[in-house]
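Residue-level listing of the chains:
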Amino acid sequence: MRPPRWFRSFVTVTVAAAAGVLVRPLAAQSVTAPPVAWPTASGDPGAMRYSPVGDIDRSTVGRLKLAWRWNTGERGVPDG
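Please read all numbers here as calculations on a predicted model, not as lab measurements.

Colleague: Explain the overall build of the protein to me, using residue names and the numbers behind them.
Modeller: Within the protein one finds one helix and zero strands. Considering the protein as a whole, with its 80 residues, one finds that 4% of them fall into the buried category. Accessible surface computed for the protein: about 8100 Å², of which carbon and sulfur atoms make up 62%.

Encoded structure:
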């Protein structure tokens, strides 16, 4: 026996509303990332150099450019 039409409509609306409530926070996170603090030069005391920023993903990685380069002044060890 099939449930009444009003019940199916109620379930459809309830599931759609629940999905909207659950998806909205995820969508907001992917659009804006909170500012990231780097308390040390390597990111954290363990020198992990990891940043959870959301600005770089598969759609933006191709537009990355070299921003700066640091030269130590040291020369490589000659072969031989």
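Colleague: Describe in detail the side chain of Thr60, supporting the description with residues and values.
Modeller: Its place among the elements puts Thr60 in the segment after α1 (5-31). Side-chain polar atoms of Thr60 contact the backbone nitrogen of Asp57, separated by 2.9 Å.

Colleague: Account for a nonpolar patch on the surface, naming residues and giving values.
Modeller: Taken together, the side chains of Trp6, Phe7, Phe10 and Val11 define a hydrophobic patch exposed on the protein surface, amounting to about 450 Å² of accessible area. Residue position: Phe7 is located in helix α1. Overall, the relative accessible area of 37% leaves Phe7 in the partly exposed class.

Colleague: If you had to explain unusual backbone geometry to someone new, which residues and values would you point to?
Modeller: In this structure, Ala47 is a non-glycine residue whose phi angle is positive, near 55°. Relative to the assigned elements, Ala47 resides in the segment after α1.

Scoring rules and cut-offs
- All chains use their own residue numbering, which begins from 1 and follows the written sequence.
- Totals for whole chains, interfaces and linings use every residue, but because this is a predicted model, local features are given only for residues with pLDDT of at least 70 and side-chain atom pairs only at 80 or more, for both listing and counting.
- As a rule here, side-chain values come from all non-hydrogen atoms in the structure, and water together with hydrogens is ignored.
- The way it works is that DSSP assigns letters per residue, a run of H or I at least four long becomes a helix, a run of E at least two long becomes a strand, and they are numbered from the N terminus.
- Each residue is placed in one exposure class: buried if its accessible area under a 1.4 Å probe, protein chains only, is under 20% of its type's maximum, exposed if it is over 50%, and partly exposed if it falls in between.
- A 1.4 Å probe and the Shrake-Rupley method give the accessible areas. Residues count as covered only by the protein chains that appear here.
- Counted as a polar contact is a pair of N or O atoms within 3.5 Å, where, for protein atoms, one must be capable of donating a hydrogen and the other of accepting one, and residues adjacent in sequence contribute only when both atoms are in side chains.
- Patch members must show over 30% relative accessible area and no salt bridge, and they are joined within 9 Å when carrying like charges or within 5 Å when they are nonpolar side chains of Val, Leu, Ile, Met, Phe, Trp or Tyr.
- Salt bridge criterion: a side-chain nitrogen from Lys or Arg within 4 Å of a carboxyl oxygen from Asp or Glu.

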